[in-house]
Amino acid sequence: MARKLAPALVTGNTCVVKTSEVTPLTCARITELWTESDDAALPPKGTYSVITGLGSTVGAALVSSPLVDIVSMTGSVATGKSIMKSAAEHMTKVSLELGGKAPAIVCADADLDLAVKG
């Protein structure tokens, strides 16, 4: 979530995050920590919102809204296709990361055997 939010927020945008229905508490906890902090380096309060629910209802409503300027989603190819179809109605920009499972950046000095094990 943070890796998608950071560029959007730092460039002055507001964001609505629709959490995964499988892991909503991760996003909720990050939001809680940000909200409780007075750290000036964190996004100002009110610059992003979190919504929960099923992708087939809540996510579909968000993606098909004419008020949304861009949709960024990490998930399955099937969901990506559905988002593309819905977003096309209003020519909403779409950025999709499809089919990957727990991507990670492995630095040049990393222990590769340990990195492969996960």
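Here, every reference points to the structure presented above.
Notes on the structure in this doc start here. All of these numbers come straight from a predicted model, not from anything done at the bench.

Of the regular secondary structure elements, the chain holds five helices and four strands. Tracing the chain from N to C terminus, the helices and strands come up as α-β-α-β-α-β-α-β-α. In terms of overall dimensions, the chain has a C-alpha envelope of 45 × 40 × 25 Å along the principal axes. Counting all 118 residues of the chain, 17% fall into the buried class. Here the contacts in the chain between residues at least 6 apart in sequence split such that 48% fall between residues at least 24 apart. Treating the 10 positive side-chain charges of the chain as one cloud and the 11 negative ones as another, the clouds have centres 9 Å apart.

Turning next to the pairing of strand S2 (residues 48-51). Bridge analysis of strand S1 (residues 15-18) against S2 gives four bridges, and the strand direction is parallel. When the sheet's bridge partners are listed, Val17 is paired in S2 with Val50. In this view, the connection linking S1 to its parallel neighbour S2 by way of helix H2 (residues 24-36) has right-handed handedness.

Scoring rules and cut-offs
Counting from 1, residues in each chain are numbered in the order their sequence is written. For this predicted model, a pLDDT threshold of at least 70 governs which residues receive local features, and a threshold of 80 or more governs which side-chain atom pairs are given and counted, while totals over whole chains, interfaces and linings are taken from all residues. Values shown for side chains rest on all heavy atoms present in the structure; no hydrogens or waters enter the calculation. Secondary structure elements follow DSSP: runs of H or I of four or more residues count as helices, runs of E of two or more count as strands, with numbering from the N terminus. The rule is simple: take the accessible area with a 1.4 Å probe, protein chains only, and divide by the maximum for that residue type; under 20% is buried, over 50% is exposed, in between is partly exposed. Only heavy atoms enter the contact rule, under which two residues are in contact if any of them lie within 4.5 Å. Within this scheme the basic residues Lys and Arg register as positive and the acidic residues Asp and Glu register as negative, but His and the chain ends are omitted. By convention, the point assigned to a charge is CZ for Arg, NZ for Lys, CD for Glu and CG for Asp. A strand pair is defined by DSSP finding two or more bridges across the two strands. For the handedness criterion, the strands are oriented away from the viewer, and a crossover whose path from the first strand over the helix to the second runs clockwise is classed as right-handed.

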